[in-house]
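Here are the chains, one letter per residue:
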Amino acid sequence: MPSTSMTEDRSEIERRRFEYLDHPADIQLHSWGSKIEEAFEACLVSMFGYMTDLAKVEEQYEFYWKASGDSMDGLLFQFLDEALNSFHAEPCFVAKRVEILRFDKEKFEIEFRGWGESFDTSKHETEADIKSPTYSNMQIIEKLDRCDVYVIVDI
């Protein structure tokens, strides 16, 4: 059964605020929101959604992270990498929903939480293994009423 994360239904893609774009060797995450926080949140959910079917993930507990960078691109990289590290190591956390609690654009610091559960191979299927976000062609495009984020992840 195909993952709901891999849908081609445009109304579903618009509702969740992310899509997957083809890339020769990896995959590009494209997310958006009315402000940068929403675009970052959707980007992180899209990363988890590429690894497993989020329809099968329950919001059993919250997980908190902090990240910092030396630029906005560096912050986006660290934001994704911190969450990815908690997926690849105990507690193998996968977030179905994410909320940014603090976003400091001047110091490039972020605090955020996710709702989800620990990845369980008896319940969740592995759809792809994301090794790392990359800086390759990373873009954060902020406009007055919309922010788009593009990140290529290494699979």
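Parameters at a glance
- Residues numbered from 1 in each chain as written.
- Predicted model: local features only at pLDDT ≥ 70, side-chain atom pairs only at ≥ 80, totals over all residues.
- Heavy atoms only, no water.
- Helix = DSSP H or I, 4+ residues; strand = E, 2+ residues; numbered from the N terminus.
- Buried < 20%, exposed > 50% of the residue type's maximum accessible area, 1.4 Å probe, protein only.
- Polar contact = N/O pair within 3.5 Å; in protein donor to acceptor, adjacent residues only side chain to side chain.
- Pairing = 2+ DSSP bridges.

Draft legend 1. Inspection of unusual backbone geometry at higher detail. Between E90 and P91 the backbone carries a cis peptide bond, its omega angle lying at 15°. Within the chain, C92 stands out as a residue other than glycine whose phi angle is a positive 55°. Tracing the chain through its elements places C92 in the loop between α3 (72–88) and β4 (93–104). Even without being a glycine, N137 presents a positive backbone phi close to 55°. Mapping N137 onto the fold places it in the loop between β6 (132–133) and β7 (139–142). Exposure remark for N137: the relative accessible area of 46% places this residue in the partly exposed category.

Draft legend 2. Structural context of the side chain of T52. With respect to the secondary-structure elements, T52 resides in the loop between α2 (36–51) and β3 (61–68). Side-chain polar atoms of T52 contact the backbone oxygen of E125, separated by 2.8 Å.

Draft legend 3. Region of interest: the pairing of strand β8 (residues 147–154). Among the eight residues in β8, seven count as buried, and that is most of the element. When strand β2 (residues 27–33) meets β8, the two strands line up antiparallel, connected through seven bridges. Within β8, the position partnered with H30 by the bridge is Y150. Sheet analysis places β6 next to β8, joined by two bridges and oriented antiparallel. Within β8, the residue paired with S132 across the bridge is D154. Two strands pair when backbone bridges link them, and β7 and β8 are joined in this way by four bridges, in the antiparallel orientation. Residue pairing for β8: E142 is matched across the bridge by C147. Hairpin connection, β7 to β8: the antiparallel pair is bridged by four residues.

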